[in-house]
Every structure is written in structure tokens, then in C-alpha cells.
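# Examination of the molecular architecture
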Amino acid sequence: MRRKLSYIAAAALILTACQQRESFTVQGTVEGAQDSVMYFEQATLTGLKTLDSTKIGDDGKFIFQGERPKSPEFFILRIKDQIINISIDSTETISVKAQYPNMSARYEVEGSENCQRIRELTLKQQELHRRVIALQNNRGMSIQQAQDSLNALVEHYKTDVTENYIYKAPEKASSYFALFQTLGQWLIFDPQNSKSDMRVFAAVATCWDSFYPETERTQNLHNIAIEGMKNQRIISSKQQNQLEETKVVELGVIELTLPDNHQQLRTLTSLRGKVVLLDFHTFTLQNSPQRILMLRDLYNKYHEQGLEIYQVALDQDEHFWLQMTQHLPWISVRDGSGQSAVSYNVQEIPEFFLIDRNNQLQKRSSQIEDLEKEIKGML
């Protein structure tokens, strides 16, 4: 009996050892985050899934463990809105040393080449975002100069990432990560509208077919669903309160009362006496930065003469909208329900209307060949 038990015990030890070899560990320290809760989350194709959490003590240490994934998966270390992206594809131990706040930019990682490359890509992405915001707020450039500079920034970024990261190791998790980086809420690599970007996706998909066949992420590469590139909603022309294009000059303004980015209710009719550009927009659009630059140019030229912009954002992410509008000089309001767009029969965005000084709706975008000329004529 004792001999039999010893065999069972030995088998149990072997099983335990095998289980230990099939796990991974993420550990490290975070300075300045005492008493904060750190969450360990998995970034699945359908959203974030919280796996574990721990309260950061005075020593700043944390440790998480999990079962080794069958193919590369992505995880997040998060304290409040600060995150660190990591990937796991083996029974590895990853060590992270971070500083809070601004943990997303102030961290080092060891034990994983993929995680090191993801860190580099994250910092590059953050720098691109800063430069785009600075360009958007630069009033010293002409609209054409700003647009050219913006396009050059994005293209330079894509070339750098493609040549130095994706094409060098398309089978790596860091290359998959790079494909889905965003600027604001739209994808930097846009396979639906760019043949060159589609070739980049195809290169990674081909490698993942060989290394990780029939996995969800491989299927995802072949059946791209770009959530960040979708418009917030497609507004049907059959909805109620339609505004026929041919009758737009016969109608007074349809009242809108919406909260602005300073938490104040702003009504459209209160702008009587001004020429108003009523603009329906969402900051998730790919051409949003160029459009904002165009509007800023018009505003700078004609605001003192009586032009006002009443911009209705249909973005559902309020925090993102507040971030994008904090430096805009005109009236910025948000309508997450989209009802205001329905009232004006907006069928696609962006869309705009011109309202005269008497609160009369004069024209919509499809009736305008030269927007600046129309504004000057109404002023």
C-alpha cells in the first residue's frame, strides 16, 4: 500500500511540474501607485476581459500568473486609465518596471522581445498623436500646408513601422499589434481604403496561417472588421423629420439644444444675428484632422465679421470628444443619440448647413460649390 501511494505521489508531482511549465508570469513594480488597484486584463477580439487584480502596496510590487495561450494573445496592465500592453505566446516570465502616473509612457520591460517591440511601437504611436494635435492647433500654417504635413506624418509613420517592424517579423505578435494601432479612434493602417495597407495585412495573415493556423486572430486577419473605421451610425433618410434638400431655403432653423464641451447648454437659435455654419461631424473619421484644419481657417478669417460655427459631434466616446475639442475656438456640442442629425436629414457625415443672420436655413453642403464664397456673401 505504501509503495502504491508513493507512485501516486510521484505522479502528482510530475503533473504539478507539467502544469507549472504551462503557465506564464507577469511581475514587476510600479512607483508612485501605492494603494491603487492594478488590473490584469486580456484584450480579446470582442473586448477586454478582466482576469485578476491586486492592490499596489508601499513596495510597488505586483505579480500575475496565467495559463499559457495556444497562440499569441494580448494582455493589459491597467491602473485607472493608464495601460501597458503586453503579449504572451509561451511559458515566459515578463518583468515590468513602471512609474505612475503616465505609466503608459514611463515603463521598461524585460523577458520578452515581443513586449519590448510593443513598447517601442506604443511610444511611437504616442509621439505621432502629440505631433498631430500640435499640427491641428498650429494657426501659423495655411490649410494646404497643414494637410500636407499631416499626410506626411502619417505616411512616414506607416513606412517606419512597416519596414522596421512588420516586414522584418510578420509572424510576431508585435506585428499583429502594429496593424491595429490607432490615431484617435481610426486605424492608422486602413486595409479597406488603401491597397498598400491591405498588402501589409496580407503579409501578416500569410505568416500567421503558417505559424498559427485556424486560430481566431488568424481568421480575424482574413476577415477584417474595422470597428474604429465605422461611422457612429448610418442615418436613414426614411426617418421622421426629414428635411428635403429642395426645400431647405424655405425653412427656418430647426432648434438644437445640446451640451457643449464646457458642460453648458447651447441653443442654435441664440446665434441669431450671426452667419452660422452648422456642422455635423465625428472625430473618429479618417479625414477629421484635415476637416478641423479647414474649419479653423474659415473661423480665423471670418469670425470677427460675424461667422460662428456650431459643431455637432456624433461621437459616443465623450472622453475622446472632450480631448479633441479642448482647444477648438467655436461652439462644440455632442449628441450621442444622433437625433439632431435625424432632424436635419443627415444621411452621411461629415455634413454642414449655412444659416443666415435671421435664423433662416439657407443651404446644405450639396448645394454649395465654394463654401468660403458663400460665407462671404452672407456676411
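What counts as what
- Residues numbered from 1 in each chain as written.
- Predicted model: local features only at pLDDT ≥ 70, side-chain atom pairs only at ≥ 80, totals over all residues.
- Heavy atoms only, no water.
- Helix = DSSP H or I, 4+ residues; strand = E, 2+ residues; numbered from the N terminus.
- Buried < 20%, exposed > 50% of the residue type's maximum accessible area, 1.4 Å probe, protein only.
- Contact = heavy atoms within 4.5 Å.
- Areas by Shrake-Rupley, 256 points an atom, 1.4 Å probe, with all protein chains shown as cover.
- Pairing = 2+ DSSP bridges.
- Axes fitted to C-alpha atoms, helices over the stretch in contact; angles between N-to-C directions.
- Phe/Tyr/Trp six-rings, centres within 6.5 Å; stacked < 30°, edge-to-face > 60°.
- Lys NZ or Arg CZ within 6 Å of the ring centre and 35° of its normal.
- Parallel < 35°, antiparallel > 145°, perpendicular 65-115°, else oblique.
- Left-handed = near helix turned anticlockwise from the far one by under 90°.
- Nonpolar A, V, L, I, M, F, W, Y, C, P; charged D, E, K, R; others polar.
- Salt bridge = Lys/Arg side-chain N within 4 Å of Asp/Glu carboxyl O.
- Core = buried A, V, L, I, M, F, W, Y, C linked by side-chain atoms within 4.5 Å.
- pLDDT = per-residue confidence, 0-100.
- Right-handed = clockwise from strand over helix to strand, strands pointing away.

### Points about the overall build of the protein chain
- Summing up its helical and strand segments, the protein chain has 10 helices and 17 strands in all.
- The 379 residues of the protein chain split such that 46% are buried.
- In the protein chain, 63% of the contacts between residues at least 6 apart in sequence involve partners at least 24 apart.
- Accessible surface computed for the protein chain: about 19800 Å², of which carbon and sulfur atoms make up 46%.

### Concerning the sheet that holds strand β5 (residues 73–79)
- Here four strands make up an open sheet; going across it, the order is β3-β2-β5-β6 and the pairing antiparallel. Two strands close off the open sheet at either side, each with one partner strand: β3 (47–55) and β6 (82–88). Averaged over all pairs of adjacent strands, the angle between their axes in this sheet comes to 25°, without regard to strand direction.
- Sheet topology note: the β5/β6 ladder contains seven bridges and is antiparallel. The partner of I79 across the bridge, within β6, is Q82.
- Its contacts with the sheet place helix α2 (residues 113–136) against β5 and β6, and it is angled at close to 145° to β6.

### Here we look at the packing of aromatic side chains
- Taken as a whole and judged by the stated rule, the model has 16 aromatic pairs.
- Judged by centre distance (6.1 Å) and plane angle (45°), the ring pair of F211 and Y212 falls under tilted.
- A relative accessible area of 16% means that Y212 is categorised as buried.
- Taken together, the ring pairs connect F74, Y176, F177, F180, F201, W208, F211 and Y212 into an aromatic cluster.
- Here the basic side chain of R119 rests over the ring of Y107, its NZ or CZ set 5.8 Å away from the ring centre.

### Structural notes on the packing of helix α3 (residues 143–166) against helix α7 (residues 288–302)
- Running from amino to carboxyl end, α3 crosses α7 at an angle of 165°, the nearest separation of the two axes being 9 Å. Here α3 is positioned roughly antiparallel relative to α7, judged by the angle of their axes. Here α3 and α7 pass one another in a crossing that is right-handed. Of α7, the residues touching α3 (which contributes I143, A146, Q147, L150 and N151) are P289, Q290, L293, M294 and D297.
- Looking at the contact of α3 with α7, its residues break down into six nonpolar, three polar and one charged.

### Side note on the pairing of β6
- Counting buried residues in β6 gives six out of seven residues, a clear majority hidden from the surface.
- What sits between β5 and β6 in their antiparallel hairpin is a turn of two residues, with K80 showing a positive phi close to 55°.

### Considerations on the pattern of salt bridges
- In this structure the tally under the stated criterion is 14 salt bridges.
- Between R119 and E108 there is a salt bridge whose closest N-O contact spans 3.2 Å. Taken together, the positions of R119 in helix α2 and E108 in strand β8 (residues 107–110) put the pair 11 residues apart, joining distant regions of the chain.
- With a closest N to O distance of 3.0 Å, E374 and K363 form a salt bridge. You can see E374 sitting in helix α10 (residues 371–378) and its partner K363 sitting in strand β17 (residues 361–364), a full 11 residues away along the chain.
- Residue class for E374 comes out partly exposed when judged on its relative accessible area of 21%.
- Among the ionic contacts, a cluster of salt bridges with common partners joins E155, K158 and D197.

### Considering the nonpolar core
- V161, I166 and L221 are the most contacted members of the largest nonpolar core, which totals 29 residues.
- Mapped onto this core, the elements with two or more residues apiece are α2, α3, α4 (173–179) and α5 (195–211).
- Residues within four places of L221 in sequence aside, it is in contact with Y176, L179, F180, F201, V204, A205 and W208.
- Core analysis: the next-biggest nonpolar cluster, separate from the first, contains 23 residues, I86, I94, A98 and Y100 among them.

### A look at the confidence of the model for the protein chain
- With 86% of its residues at a pLDDT of 70 or more, the protein chain shows a mean pLDDT of 83.
- Confidence drops under pLDDT 50 across residues 1–20; counting only partners more than four residues distant or on other chains, this segment forms zero contacts.
- Between residues 225–251, whose pLDDT stays under 50, and residues either more than four places distant or in other chains, the model counts 58 contacts.

### Some points on the packing of α7 against α10
- It is the contact of α7 with α10, at a shortest axis distance of 12 Å, that shows an interaxial angle of 25°. What the angle tells us is that α7 and α10 run roughly parallel. Helix-helix and strand crossings are classified by hand; for α7 and α10 the assignment is right-handed. Residues M294, L298, K301 and Y302 of α7 lie in contact with α10, whose contacting residues are L371, E372, I375 and K376.
- Tallied by class, residues from the contact of α7 with α10 come to five nonpolar, no polar and three charged.

### Details of the pairing of strand β15 (residues 331–334)
- Of the two faces of β15, the one lined by I331 and V333 and the one lined by S332 and R334 are each fully buried.
- Pairing between strand β14 (residues 307–313) and β15: four bridges, direction parallel. Pairing of Q311 across the sheet is with S332, part of β15.
- Taking the sense of rotation as the criterion, the β-α-β connection linking β14, helix α8 (residues 318–325) and β15 turns out right-handed.

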